[in-house]
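The primary structure of each chain is shown beneath.
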Amino acid sequence: MGAQKSVHAGRAKIDFNVDFTHRLCAAMMVHSFRNSGTGSPLSLIVGSLCIKHPNLFGKSEKLDVLWDKGLSDSNILIAYRKPRPEWLAQHSFVLQHSVSPEVGIHGVPVDNFSRTQSGGVNLCRFSAGLDLDEPGSSNWSSKTSIKFEHVRPVNDDGHSISRDLHGFPVTCSGTRDDNMVVLKQESRFAKADDHSFTRFSLQIEQGIPLMSKWLIFNRFKFAASKGVKVGPGFLLASLTGGSIVGDIAPYQAFAIGGPGSVRGYGEGAVGSGRSCLVANAELTFPMNHMLDGALFCDCGTDLGSGRYVPGNPGLRHGKPGNGVGVGYGVRVKFPMGHFQVDYALNDYQQKTIYFGFSNVAS
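A brief report on the enclosed structure follows. (Residues numbered from 1 in each chain as written. Predicted model: local features only at pLDDT ≥ 70, side-chain atom pairs only at ≥ 80, totals over all residues. Heavy atoms only, no water.)

### Examining the packing of aromatic side chains
Okay, so step 1: Tallied over the full model, the rule gives eight aromatic pairs.
Okay, so step 2: Arranged with centres 5.6 Å apart and planes meeting at 45 degrees, the rings of F148 and W214 form a pair that is tilted. In this pair, F148 sits in strand β10 (residues 140-154) while W214 sits in the loop between β12 (196-208) and β13 (217-230), placing the two residues 66 residues apart along the sequence.
Okay, so step 3: The class for F148 is partly exposed, based on a relative accessible area of 28%.
Okay, so step 4: Clustering of aromatic rings is evident, with ring pairs tying together F57, Y80 and F93.
Okay, so step 5: A cation over an aromatic ring shows up here: R263 above the ring of F296, its NZ or CZ 3.8 Å from the ring centre.
Okay, so step 6: Over the aromatic face of F168 sits the side chain of R316, whose NZ or CZ is 4.1 Å from the ring centroid. (Phe/Tyr/Trp six-rings, centres within 6.5 Å; stacked < 30°, edge-to-face > 60°. Helix = DSSP H or I, 4+ residues; strand = E, 2+ residues; numbered from the N terminus. Buried < 20%, exposed > 50% of the residue type's maximum accessible area, 1.4 Å probe, protein only. Lys NZ or Arg CZ within 6 Å of the ring centre and 35° of its normal.)

Printed below as a string of structure tokens:
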């Protein structure tokens, strides 16, 4: 439910996307993270604005401006790229500013861990840096970036805070903001044929302490997935995990639980730790030319690392640290995209329904 529009202004292209679907689904599934009683029509809109210029200064320089607005979050990204020969790394200068609720770590699980309510902590992030996309082989690609990041926690009223509602610090520095320079290396592998596919990615981040109070840490995360045709159906299995050592703020912990992690649990309701491991398996099978059925099983754990997160938000909010979700769903294929409904059951016999819509139109 929404509208899309593309406008050409000279050589620049402007894409508008206004969507009311997420608001409808949120109203059906969960209570709002915030008290959205302002009555403003803008609070009902989920949308995006994308501006692309392919030749900014007449030498094939590219400028991308992207603005996304959610129900309680927003993101602005500006990227500028200069042309380089294909055998050299492609440079992109990137500025980004985002505001989002931090429910995965500081949220409070309710309804037998099936939902997560706001803990009154939101993150205002600003970053500026350089991305280097290195030439890839047939199956491998890699990307390196170095960025300055400024993170400022705010409450639901937009005021800067240094502690959560229980009096525990929400930053590593103990002040109202954290600063860091992060060097990030990401490698990806992908291979596919008519019957299967394999994907693997590895991210490594290193905090560089250019100033005495800036964060120094090492964080890695991996994701591996394998898909195989099984008769008329398709079996997808995936494994993700990661760990972080060194200085850590609570918001840097791994949040486990939610539709992208362990279904049947709210966002971060399984646990939040310095380490994590999540496994997913899903079998889809055709029911007719427009409808597919699905069976799935998700499980995740913080590997006992929740107590090592500053302030121990997982223990304070009663998160179990381990969780399994099972269920079934349907996938409906429409010309404009795919509609998905999942019914999940967690360890506490709590039932949750998830709605999703992916736009596959060009």
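### Structural notes on the nonpolar core
Okay, so step 1: Counting residues in hydrophobic clusters, the biggest one holds 19 residues, and the most contacted among them are M180, F217, Y251, I256, V262 and Y265.
Okay, so step 2: For this core, the secondary-structure elements that each account for two or more residues are β11 (178-192), β15 (254-256) and β17 (275-286).
Okay, so step 3: Among residues more than four places away in sequence, those in contact with F217 are M180, V182, E205, Q206, G207, I244, V245, G246, D247 and Q252. (Core = buried A, V, L, I, M, F, W, Y, C linked by side-chain atoms within 4.5 Å. Contact = heavy atoms within 4.5 Å.)

### Overview of the side chain of R219
Okay, so step 1: With respect to the helices and strands, the residue R219 is situated in strand β13.
Okay, so step 2: The side chain of R219 sits in the buried core without any salt bridge; E205 is the nearest counter-charge, 4.3 Å away.
Okay, so step 3: Of the polar contacts made by the side chain of R219, one reaches the backbone oxygen of Q252; its length is 3.5 Å.
Okay, so step 4: Not counting residues up to four positions away in its chain, the partners in contact with R219 are Q203, I204, E205, S243, I244, Q252, A253 and F254. (Lys, Arg positive; Asp, Glu negative; His and termini not counted. Salt bridge = Lys/Arg side-chain N within 4 Å of Asp/Glu carboxyl O. Polar contact = N/O pair within 3.5 Å; in protein donor to acceptor, adjacent residues only side chain to side chain.)

### Concerning the pairing of β13
Okay, so step 1: Direction of pairing for β12 relative to β13: antiparallel, over a ladder of eleven bridges. Residue pairing in the sheet places I204 in a bridge with F220 of β13.
Okay, so step 2: As paired elements, β13 and strand β14 (residues 233-246) share 14 bridges and run antiparallel to each other. Paired with V228 across the two strands is L235, which belongs to β14. (Pairing = 2+ DSSP bridges.)

### Comments concerning a nonpolar patch on the surface
Okay, so step 1: Together, W67, I76, I78, L95 and F126 give the surface a local cluster of nonpolar side chains, amounting to about 410 Å² of exposed area.
Okay, so step 2: Along the chain, the position of F126 falls in strand β9 (residues 122-134). (Patch = residues over 30% accessible without salt bridge, like charges linked within 9 Å, V, L, I, M, F, W, Y side chains within 5 Å. Areas by Shrake-Rupley, 256 points an atom, 1.4 Å probe, with all protein chains shown as cover.)

### Some details on the pairing of strand β5 (residues 74-81)
Okay, so step 1: Direction of pairing for strand β4 (residues 62-69) relative to β5: antiparallel, over a ladder of eight bridges. Bridge pairing in β5 places K62 opposite R81.
Okay, so step 2: Bridge count between β5 and strand β6 (residues 90-101): eight bridges; the pairing is antiparallel. Across the sheet, S74 pairs through a bridge with V99, a residue of β6.

### What to know about the side chain of E61
Okay, so step 1: Checked against the element boundaries, E61 lands in the loop between β3 (46-53) and β4.
Okay, so step 2: The exposure class of E61 is buried, given its relative accessible area of 6%.
Okay, so step 3: Reaching out from E61, the side chain makes a polar contact with the backbone nitrogen of F57 at a distance of 3.3 Å.
Okay, so step 4: Setting aside chain neighbours within four positions, we find E61 in contact with H53, P54, N55, L56, Y80, R81, K82 and P83.

### Some remarks on the environment of Q185
Okay, so step 1: Take Q185: it is sitting in strand β11.
Okay, so step 2: Sequence separation between Q185 and S145 is 40 residues; the distance between their C-alpha atoms is 6.6 Å.
Okay, so step 3: Excluding residues that lie within four positions of it along the chain, Q185 makes contacts with E134, S142, K143, T144, L202, Q203 and I204.
Okay, so step 4: Reaching out from Q185, the side chain makes a polar contact with the side chain of T144 at a distance of 2.5 Å.

### A few points about the pattern of salt bridges
Okay, so step 1: For the structure on display, the rule yields 13 salt bridges.
Okay, so step 2: With its nearest N and O atoms 3.9 Å apart, the salt bridge here joins D131 to K147. Taken together, the positions of D131 in strand β9 and K147 in strand β10 put the pair 16 residues apart, joining distant regions of the chain.
Okay, so step 3: When its relative accessible area of 18% is taken as the criterion, K147 is described as buried.
Okay, so step 4: For the salt bridge of D342 with R331, the shortest nitrogen-to-oxygen distance reads 2.7 Å. Here R331 lies in strand β19 (residues 322-334) and D342 lies in strand β20 (residues 337-345), a separation of eleven residues in the sequence.
Okay, so step 5: Here the residues in one salt-bridge network are R263, E282, D298, R331 and D342, joined through shared partners.

### Some points on unusual backbone geometry
Okay, so step 1: With a phi angle near 70 degrees, F113 is a residue other than glycine that sits in the positive phi range.
Okay, so step 2: Locating F113 in the fold gives a position in the loop between β7 (108-110) and β8 (115-117).
Okay, so step 3: Given the relative accessible area of 16%, F113 is considered buried.
Okay, so step 4: One non-glycine residue, Q349, lies in the positive phi region at around 60 degrees.
Okay, so step 5: As for its placement among the helices and strands, Q349 is situated in the loop between β20 and β21 (351-359).

Keep in mind these values describe shape, not function.
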